[in-house]
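Architecture at a glance
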Amino acid sequence: MIHKTTYIFTLLILLAACTVTQNVDVPVTNTPVIEGKLVKNIDEFKAAVKAAQAGDKIVLANGIWTDTELKFYGKGTAEKPITLTVQEKGKVFLEGQSNIRIGGEYMHVEGLVFRNGHTPSGSVIAFRKDKEMLCNNCRVTECVIEDYNPSERFDSDYWVEIYGKNNRFDHNYLVGKRNRGVTLAVRIKTEASRENNHRIDHNYFGYRPILGSNGGETLRIGTSHYSLSNSNTVVEDNYFEHCNGELEIISSKSCQNTFRNNTFYECQGTLTMRHGNETLVENNYFFANRKANTGGIRIINESQTVRNNYLQGITGYRFRGALVVMNGVPNSPLNRYFQVKNSEASNNLIIDCDHVQLCAGSDEERSATPIDTKMTNNIFYNTKKDDVFTVYDDISGIEFAGNVVSSNIAFPENKGKTLEKGFATQEIKFIEKDGVKRAKSHPNIGPDQSKPRPGRDNTGVSWYPKKDYQIRFGTGKIIEVPRGENTIFEAVKNSAPGDIIRLTESGNYFEGKAITIPHTITIEAAPGLAERPEITFERTSLFNLENGGSLTLEGINFSGRDCDDYSGNSVICTSRYSMINNYKLMIRNCDFNDLDVNHSFNVLRVYKNTFADSILVDNCNFNNITGHVFNLDKEIDDRGIYNVENVVITNSTFKDIGGVVLSLYRGGRDESTFGPILDLHNTTFDNIGHDKRNQYQATMNLHGVQLADMHDLEFKDSKKINLHLIVGEPIIKFKDVVLKNNEDITSNDDAFQQVNVTRK
Ligand code: CA
C-alpha cells in the first residue's frame, strides 16, 4: 500500500511535470515509493508508535536524526510484526546522543545507522523499553553501529543489550567500539530473560582495539551472579574480525549456550567458557595467521563440549592458547573458577598453533585439576614448534585417546604422568579447500564445510562501507618543508591523515608554537641531506598528540636548548584528556640532545586514560636529559589498566639521563590483558637515573610487565633495573647483558630469567 502523503506528493510532482517545459527531466521515478508511515521527526515517530497495529510499518525519513532517543514498542504477531525501517538503507543516520529502546512482542527493527556520537544511556540498542517491558520474539537486523563512543575511555556502556526471550539479532555491522563495556551483552538478570533462545547470527563484529583493561569483550552472555541459569543462546554464522579488546572475545557466563560456525579472523583473545555449564562450541574457524596474542578456545566449568573446530596459526600462550583447559578453585565462589568436569574436546583440527595449555592457571588458589574429561581424536600439527603442550598440574583426570601430532612434538611430564599416551605421531598430508586444511588420513577431524563459512561478504550489511581501521603511516601526500620559523607547524596544520612532512634542508628548524598532531603524520628528513635537520622549540612541548593522532619521526635531531626555562617540558606529549583512540609513536634515526634547560624535561609525557598500541624506537641516541625518556606509569589505580601495549627499543644509546629511560606500570591482579610487552635489545645505558627527582631511583622500572625480551644490553654507571612481577606468569628474560659499575637487577620475585648476565 502506498502511503497517502507520499501518494499525494507523487501526484503533485506529476502535475508539476505537466506544467514545466517538456525537456526537463522530472525525477518521478527517483521518488521512493514508501510502504508504511513515513515519519520526519520524533513527534511524528512517537505518534506513529502509539497508533501502530500489528502489521504496520514505520519509516524513518532519510537524513540525520540528531540526539534522537527512539522508544519503539507495541504488540505485533508472528505473521504481522510491527516494523521500524528506514526510507533508504544507508541514508538514515542516528547521530549525537541517540539510542533505541525496543519493547513488546514481534517488533522488527532494520536499517538504522548509529555514528558520530554516543548513547546517552547505558546502551545504544536495548531489547527492552524499560524494566517492565522487555522484548519477546523481536528482531534487529541490518543495523550499523560505527565508532559510536563517548570521549572518555573508561566511561562504560554497551552497544547492544538483549533482554527477554526468543529475540534475533542478525546481519548487523558493529565496528570501532573503543570505550569500556561489552559490545553485545545478553542479560539474564530476571527469569523473563532466561532460557531465552536468542539467536545472534550473521553479524559482522569488526575492529575492536586493545582496551588495555578488562571490559573489552565483544560478546558476553550472562554474568557470574546468574551463571548457573540457562541462557540457551545460539551464536552462529558470525564473523569476528580484529576483536582485540581483551582476553575474552566471547565471555560465556551462563549455561547451555551454543557457539557454532563462527569465524574469528586475527582476533587477539579467546572464546571463553568463563562461567556456566553445558556449552557447545562446534565447527568454528579461527584464522589467526600467526598474529601476536591471538587465541582460541578456553574451557572452564562442567559438561562443556568443544568439537570439530578449526584453529590455525594461533600464537598466544597461557590463557590465550589455541586450546586451554583451566584449573579450578575448590568450592569456587561464583565469580572465580569452577573445576573442569565431564568436558570434552574432540575432533578439533589445530594447525600451526604454538600453545595448548592444560591445567592452566594452576596456583595455590586454582588447585582443582580437571576431572572426568576427554581429549580425543584431535590433530595438533605444528612442525615448527616442539613444545606445543604445557602441563601445569596433574592431568590424570583427562583421558587422552586417538589424538595425532606431528612427529617433532615433545610430551612434557607432570607429576609422574606423561602426556604421550593417547597420542600418535604421524606425518600428515593435508588437502586444502576454501582456505581450510583437512588431513587426508583423518577427513572427519575438523569442521563440516558444507555450511557457508562466515566472512566479510556474507555477514553484516551490504550497503554500508567498511573503513580501514589500521593506523597507517605514509599513505598520504608528501609536503616539502624548508627551514624557517614554524614551517612544520604550518605544514602539519594543512595536512591530512597519512601525510608525510618532509624537511628538505639540513640545519635548524625553529618552532615557536606547539604542534598539534590530530591524525597520522610522518615527519622525516628528505633523503640525501648532508646533515640531519634539527628541530628546536620553545613551548612546553613540541608535539601534542591529540585524540586520533599518531606520529612517526625519522632522521631528525631534536634539541631542548631554545626551550623556555621551566620545569616539566617535553618533546612529545599526549592529550591531557582521555584519548578514546589508541595511538602509535615511531621514532627512527633520531637524536635527542640537551633536554636540560630545567629539571624534569621528558622526551615523552603521557597522561592518564591514554593508550599507545605501540611505541617503537630504533637507532636513536638520547643525551643529556634531566627527566624521563619514556615514562608510562599514569594508570596507578591497580585495576589492571596500563598506558602502552608494545614497547620496542632497539639499536639505541642513552647517556646522562636524570630520570628513567623506561617505566611501565600495570598494577592489580586482573588477568584479562596481555601487555605491557617489551622488546629491548642492542642498546646501551650510561649514567642513568641519578637525579634526585627520579622517584624510581632506577634506570628502568618494569611493574606488571607481561613479556619482556631484553638482550645484548650494556648498563654502565647507572641505577638499578627494577622489576615487579605480578599476576599472569610474566615471562621476563635477560640475555647477554653487561653491568659495568652498575647497580643490579632487583625484583620482588626471582621468577625471571638471566642468561649470560655479567657484572663487572
Ligand atoms: Ca573480561
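Throughout, residues of each chain are indexed from 1 in the direction in which the sequence is written. For this predicted model, a pLDDT threshold of at least 70 governs which residues receive local features, and a threshold of 80 or more governs which side-chain atom pairs are given and counted, while totals over whole chains, interfaces and linings are taken from all residues. Each side-chain value is worked out from all heavy atoms of the structure, with water and hydrogens disregarded.

The donor definition counts N, O and S atoms within 2.8 Å of each metal and applies 3.2 Å to Na, K and Ca; water is not among these atoms, so some sites may look incomplete. Looking at the calcium ion, one finds its protein donor set to be Asn214 (OD1), Glu217 (OE), Glu246 (OE), Glu246 (OE) and Glu248 (OE), positioned 2.3 to 2.7 Å from the metal centre. Sequence spacing of the donor residues for the calcium ion, all on one chain, is N-x2-E-x28-E-x1-E. In this pair, the class of Glu246 matches that of Glu248, namely buried. Burial classes: relative accessible area under 20% of the type maximum marks a residue as buried, over 50% as exposed, and values in between as partly exposed (1.4 Å probe, protein chains only).

Secondary structure follows DSSP: runs of H or I at least 4 residues long count as helices, runs of E at least 2 residues long count as strands, and numbering of each begins at the N terminus. Within helix 2 (residues 42-51) the residues assigned to the buried category are Phe45, Ala48 and Val49. One side of helix 2 carries all its buried residues, which in axial view fall inside an arc of 100 degrees. Across from the buried face of helix 2, at angles greater than 90 degrees, the exposed residues are Asp43, Lys50 and Ala51. Two or three places before Asp43, at the opening of helix 2, Asn41 has a side-chain oxygen 3.1 Å from that residue's backbone nitrogen. Read the arc as the range of directions from the helix axis to the C-beta atoms. In protein, a polar contact requires one atom able to donate a hydrogen and another able to accept it; more generally it is a pair of N or O atoms within 3.5 Å, and residues adjacent in sequence count only if both atoms are side-chain atoms.

With that settled, consider the domain arrangement of the chain. All domain edges in this entry derive from an automatic or database-based domain assignment. Domain annotation for the chain reports domain 1 (285-446) and domain 2 (478-759). Using only C-alpha atoms to locate each centre, domain 1 and domain 2 end up separated by 39 Å. Counting residues at the interface gives nine residues for domain 1 and 11 residues for domain 2. When domain 1 packs against domain 2, the two sides together hide about 780 Å² of surface, and 42% of this comes from carbon and sulfur. A simple way to read buried area is as the amount of 1.4 Å-probe accessible surface that goes missing from two parts once joined, with both sides added. Looking only at domain 1, the three residues that lose the most surface to domain 2 are Asn293, Tyr317 and Arg318, adding up to 62% of its buried area. For this analysis, residues touch if any pair of their heavy atoms sits within 4.5 Å.

Moving on: the packing of aromatic side chains. A pair of aromatic rings is counted whenever rings of Phe, Tyr or Trp (Trp by its six-membered ring) have centres within 6.5 Å, and the orientation is called stacked for planes under 30 degrees apart, edge-to-face for over 60 and tilted otherwise. In this structure the tally under the stated criterion is 29 aromatic pairs. Their ring planes at 80 degrees and their centres at 5.0 Å tell us that Tyr173 and Tyr204 sit as a pair that is edge-to-face. Separated by 31 residues along the polypeptide, Tyr173 in strand 16 (residues 173-175) and Tyr204 in strand 19 (residues 204-205) bring together distant segments of the chain. On the basis of an interplanar angle of 65 degrees and a centroid distance of 5.6 Å, the ring pair of Phe611 and Tyr642 is categorised as edge-to-face. With Phe611 in the loop between strand 58 (602-605) and strand 59 (612-618) and Tyr642 in the loop between strand 61 (630-632) and strand 62 (644-650), the pair connects residues that are 31 residues apart, well separated along the chain. Following the ring pairs from residue to residue traces out a cluster consisting of Phe543, Phe558, Phe592, Phe622, Phe630, Phe654, Phe685 and Phe715. Positioned above the aromatic ring of Phe319 is the side chain of Arg318, whose terminal nitrogen or guanidinium carbon lies 3.9 Å from the ring centre. Counting as a charge over the ring demands two things of the Lys NZ or Arg CZ atom: a distance within 6 Å of the ring centre and an angle within 35 degrees of the ring normal.

A pair is scored as a salt bridge if a Lys or Arg side-chain nitrogen falls within 4 Å of a carboxyl oxygen belonging to Asp or Glu. This structure, assessed with the given rule, holds 46 salt bridges. A salt bridge links Glu161 to Arg187, with the shortest nitrogen-to-oxygen separation between them at 2.5 Å. Residue Glu161 is located in strand 14 (residues 158-162), and its partner Arg187 is located in the loop between strand 17 (184-186) and strand 18 (199-201); the two are separated by 26 residues in the primary sequence. Here Arg290 ties to Asp352 by a salt bridge, and the two come within 3.4 Å at their closest N and O atoms. Here Arg290 is found in the loop between strand 28 (285-287) and strand 29 (297-299), whereas its partner Asp352 is found in the loop between strand 34 (349-351) and strand 35 (356-360), with 62 residues between them in sequence. Several salt bridges share partner residues, and in doing so they unite Arg139, Arg168, Asp170, Arg199, Asp201, Glu236, Asp237, Arg260 and Lys451 into one network.

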